[in-house]
Amino acid sequence: MSAAERAHLDALVKAHAAGACVANAETQAAAKPIGDEPVAVAATDAATAKPKSPPKPNRQKVKVDPGTEIEYNTMELELAGTFAGFEKGTVFTLSNGQRWKVVSGSYSCGPDPRVKKVRVKPGVLGSFFLEFERVKTQAKVKLVK
């Protein structure tokens, strides 16, 4: 890469980082092929720009060796909304921001503002259960990503 090409590339990177990377006739004319591959200048337009997706939660993945023991603790939290029973597919948001989706179990009732406290209990083979105060059944759940 020549010094002129490197300077041009540095200018494009700085413009892109500043959010001002808009192609015009001058930048299009300055884009020269390097070897057999042409250098493309990214063009963005406010009308055609895709909306940014919300940031994903910071999740960490951990690899463990076979035979490693993992211990989960029971968490006692509160529901963020009103309890009105559950069925497969119901998503509960808890006071810590976690969202749990019911994968098994059901319970029918009308809205019950007295049911606020829940327990997230670990099961076997990585399963989890939600237990609700004043409700005698539990829901098998998984953490929603």
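(A) Spotlight on the overall build of the protein. Check the secondary structure of the protein and you find two helices and six strands. Seen in sequence order, the protein has helices and strands lined up from the N terminus as α-α-β-β-β-β-β-β. Taking all 145 residues of the protein together, the buried fraction comes to 17%. Contacts in the protein between residues far apart in sequence, at least 24 positions, make up 45% of those at least 6 positions apart. Of the roughly 11,500 Å² that the protein leaves accessible, carbon and sulfur atoms contribute 53%.

(B) Local environment of the confidence of the model for the protein. On average, residues of the protein score 78 in pLDDT, and 68% of them are at 70 or above. Looking across the protein, the model is least confident in helix α2 (residues 25–30), with a mean pLDDT of 47, and most confident in strand β3 (residues 99–104), with 96. Per-residue pLDDT stays below 50 along residues 21–37; that stretch engages in 24 contacts with residues further than four places along the chain or on separate chains.

(C) Inspection of unusual backbone geometry at higher detail. Backbone geometry places Leu-125, a non-glycine residue, at a positive phi of 55 degrees. Checked against the element boundaries, Leu-125 lands in the loop between β4 (117–122) and β5 (128–132). Positioned with a positive phi, Arg-134 is a non-glycine residue whose angle comes to about 65 degrees. For Arg-134, the location among the structural elements is in the loop between β5 and β6 (138–143). What makes Arg-134 exposed here is its relative accessible area of 56%.

(D) Looking closely at the pairing of β3. In the sheet, strand β2 (residues 91–93) pairs with β3 via three bridges, with the strands oriented antiparallel. From the neighbouring strand, Phe-92 faces β3, where its bridge partner is Trp-100. Linkage of β2 to β3, two consecutive antiparallel strands, is achieved through a turn of five residues, within which Gly-97 is found at a positive phi near 95 degrees. As defined by bridge partners, β3 adjoins β6 across four bridges and the pair is classed as antiparallel. When the sheet's bridge partners are listed, Lys-101 is paired in β6 with Lys-142.

What counts as what
Per chain, residue numbering runs from 1 following the sequence as it is written. In keeping with the model being predicted, local features are shown solely for residues with a pLDDT of at least 70 and side-chain atom pairs are shown and tallied solely at 80 or more, while totals for entire chains, interfaces and linings include all residues. Only hydrogens and water are set aside when side-chain values are computed; all heavy atoms of the structure are taken into account. Strands are runs of DSSP state E lasting at least 2 residues, helices are runs of H or I lasting at least 4, and numbering of each runs from the N terminus. Note on exposure labels: buried denotes an accessible area under 20% of the residue type's maximum, exposed denotes more than 50%, and partly exposed covers the range between, all computed with a 1.4 Å probe on protein chains only. Contact criterion: two residues are considered in contact whenever any of their non-hydrogen atoms come within 4.5 Å of each other. In this description, accessible areas are obtained by the Shrake-Rupley approach with a 1.4 Å probe, and a residue is regarded as covered only by the protein chains that are shown. Each residue gets a pLDDT score, which is the predictor's confidence in that residue and runs from 0 to 100. In this scheme, strands are said to pair when DSSP sees at least two bridges between them.

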